[in-house]
Each structure stands twice: as C-alpha cells, then as structure tokens.
Amino acid sequence: MNYTKILGTGSYLPERVMLNSELEAMVDTSDEWIQARTGIKERHIAREDETTCDMCEQAALNAIQAADIDPSEIDLIVLATSTPDLIYPSTACLLQARLGVSNTCAAFDVQAACSGFVYAFSIAEKFIQSGSVKKALVVGADANSKILDWTDRGTCVLFGDGAGAIILEASDEPGVYATRLHADGSHAHLLQVPSGVSKPTGDPFIRMSGNEVFKFAVNAMGSIVDETLQECGLSKSDIDWLVPHQANQRIIKATARKLGVTMDKVILTVAEHGNTSGGSIPLALDTGIRDGRIKRGDKLFLEAVGSGFTWGSIVLKY
Ligand code: ACO
C-alpha cells in the first residue's frame, strides 16, 4: 500500500493589504457588518500585473524549499485555480516552465472553485497510491480580485488573492487516511461567473446568492464530517486540527461544532486573508505548520465547499 505524506508546504500572499475601511468607501457596507457576518478584517490584493502563476511560483518555491527537494524530483504537478493566467496552456504548465522542470512530469489544472485544492490533493494522492508517482506538487491559487465586481457589496467584501502549495510524497505509513469528493451541478446558478468562453454573456464577475450558498455549505460540511471519519475508521476525538476552507467564520464554526473541536483547534486565516478560493486551505495549512501549531504526527481534517456545488474533505496525519 502506498500512502501519501506531506513533505513540505509553502504559501504566498500579494503585498497589498486591503482593509474593510477601504471597502466602506467603495460600496454601502461597514467594517462592523463584514466582521460580524464573515469574520474578515482584511485581504491581500494582487498587483494589476501580478498573475495567478506569479503567486503559484512563490508558493511552490517555498514548498520545495520546506520539503528540501530538487524541483527535478517532482513527478506530477496538479494546480487548482478558477482564475488561470490563460485559457491555455494550463497554469500548471506555465508553472512547470517557471520551476525549470519542463518535460520532466505531467502537469494540469483542476477547476473546482473553492474546493479546488481538495480536488487537486485527492487526485495527486490517487496517482501516488497507484504507485505511478513518487512526489507531487499540489498548488491552490486564485486571483479573485480580477473577477470581482467592485460595486457589488454582496461579493467584493468576501474575497482575496493568494496561493498555497504542498509537496506530497509516497510513504509506507499514513499519511492520508481518507479523501471524499462530491459535486452537485444542479446548484450552478447560485454561485457562478456567468460569462465563459463558449458562452460569453458579458458578465465576467462572481455572482452569488450568498444566503443560499451559506445554508448549503453548513449542511454539506456537517454531513461530510461523519462520512469521512466513517470511511477511515477514526473518531472525532482523533482529530487534532480542523484546517477548513476560509469563506466565512460562521460556516467554519458550524463545522467545528459538528467535528466536536473547539475553535482553538481550528486554523483560522479568514480574518487576514478573506476567501482566497483554491488558495485558502494550503495557505491555512502552511500558516499552522510554520507557526508551530501543527506538528508532525497531528491528525488533520481538511474540508471545502465551492461553486458547482463541489465539496470535499481529506483526513491525514501530518
Ligand atoms: N454590507 C452590508 N450589508 C450587506 C452586505 C455588505 N457587504 N452584503 C449584503 N448585505 C445585506 C443584504 O443586502 C441583506 O440586506 P436586506 O436584509 O436589507 O436584504 C442583508 O445584508 C443580509 O444578507 P444575507 O445575504 O442574508 O446575509 P448573510 O448573513 O447570509 O451573509 C454572506 C452574507 C456573508 C455572503 C454569507 O451568506 C456567506 O458567507 N455565504 C457563503 C459564501 C461562501 O461560502 N462561498 C463559498 C464558496 S465561494 C467559491 O466557490 C468561489
């Protein structure tokens, strides 16, 4: 049996920090409303010339350094984003060239919005489990600021930009205990960027029925706790850290309650990062590992819900 272990993590946030007070000047909102309803205090915003691949490159280099490997050892790159630099080639291919490992491994993007990192991680884990890959680079990143309508208070206060990356490696012992992935396309209209390539509608911004997404997210995250733990035969008390997608502190609190962990056992970055979509879980993971809270041997519960709807979870030993 090939298990999958995290060898190293890295992350990157754009330099510019946007406070809630700046948004007060742009739309009819308040710092008080944003903090009370979401937990967000600030978010990072990419420069106009800064792309998703730029952020991925920095996060990946950090992860490669933490894992203490040479980029040439990477057998697979899976990159989760909904804001690729180009339609094609994939951002994963652009990143591969930046890392100087062209033509040494397969590289592709995964698009599952805010669940993208859980999807990408799970796919890479299957490659490792099958024995065809020894080391994989998994990246999650989004430049949400590029697809925000800065006049829509229902969305522009929620999102930020950022990237996170991990190096996964085959191992004789866990590692990953369980991965669960779900999708239900019948809810597509509740959270979408309506304009596409083959269907250009002229509206290239995030549109969301926030309250309905909220209710779905709380339910989906609640039910995935039980099914994931059941799959790997662990109980709630085995989990040391919840590392959730960082969309809304209230959704995270509900999930923590369901998992039976207190908030001091949750890696929370939503206040400083906002919702960075594909970047949010690896950013939180890297934060918890680098500040010393998450230690080798700790058991982690990762979970996310996003447009699609898509949702998923991973239980692993760090
Ligand atoms: N400032 C002030 N008031 C606001 C703002 C704002 N920024 N945004 C909305 N409001 C108002 C609404 O207009 C509404 O006013 P009304 O009562 O007069 O109509 C009121 O606040 C309440 O609106 P709700 O949408 O019911 O507020 P809610 O408590 O649900 O919070 C929020 C809204 C924060 C968007 C929440 O619904 C949420 O977090 N939803 C989930 C988002 C999410 O998880 N996304 C995940 C995936 S993202 C991805 O996949 C890309």
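Thresholds, definitions, all that
Residues numbered from 1 in each chain as written. Predicted model: local features only at pLDDT ≥ 70, side-chain atom pairs only at ≥ 80, totals over all residues. Heavy atoms only, no water. Buried < 20%, exposed > 50% of the residue type's maximum accessible area, 1.4 Å probe, protein only. Helix = DSSP H or I, 4+ residues; strand = E, 2+ residues; numbered from the N terminus. Pairing = 2+ DSSP bridges. Axes fitted to C-alpha atoms, helices over the stretch in contact; angles between N-to-C directions. Parallel < 35°, antiparallel > 145°, perpendicular 65-115°, else oblique. Left-handed = near helix turned anticlockwise from the far one by under 90°. Contact = heavy atoms within 4.5 Å. Nonpolar A, V, L, I, M, F, W, Y, C, P; charged D, E, K, R; others polar. Domains from an automatic or database assignment. Buried area = accessible area lost by both parts, 1.4 Å probe.

### Digging into the pairing of strand 13 (residues 310–317)
1) Next: Taking burial as the measure, the eight residues of strand 13 include seven buried ones, the bulk of the element.
2) Next: Bridging between strand 8 (residues 176–183) and strand 13 involves seven bridges; their strand directions are antiparallel. Within strand 13, the position partnered with Leu-181 by the bridge is Gly-312.
3) Next: With eight bridges joining them, strand 12 (residues 299–306) and strand 13 adopt antiparallel strand pairing. Counted as the bridge partner of Lys-299 is Lys-317 from strand 13.
4) Next: If you look at the hairpin formed by strand 12 and strand 13, you'll find three residues sitting between the two strands, and Gly-308 has a positive phi there, around 145°.

### Describing the packing of helix 7 (residues 210–232) against helix 8 (residues 249–259)
1) Next: Between helix 7 and helix 8, the shortest axis-to-axis distance is 9 Å and the interhelical angle comes to 25°. Between helix 7 and helix 8, the crossing angle belongs to the class labelled roughly parallel. Every pair of crossing elements has a handedness; the one defined by helix 7 and helix 8 is right-handed. Here helix 7 contributes Phe-214, Ala-217, Val-218, Met-221, Gly-222, Val-225, Asp-226 and Leu-229 to the contact with helix 8, which in turn contributes Arg-250, Ile-251, Ala-254, Thr-255, Lys-258 and Leu-259.
2) Next: Of the residues belonging to the contact of helix 7 with helix 8, the class tally is nine nonpolar, two polar and three charged.

### Things to note about the domain arrangement of the protein chain
1) Next: Structurally, the protein chain comprises domain 1 (3–171) and domain 2 (176–317).
2) Next: The C-alpha centroid of domain 2 is placed 14 Å from the C-alpha centroid of domain 1.
3) Next: At the junction of the two partners, domain 1 supplies 52 residues and domain 2 supplies 49 residues.
4) Next: For the pairing of domain 1 and domain 2, the buried interface totals around 3900 Å² over both sides, and the portion due to carbon and sulfur atoms is 60%.

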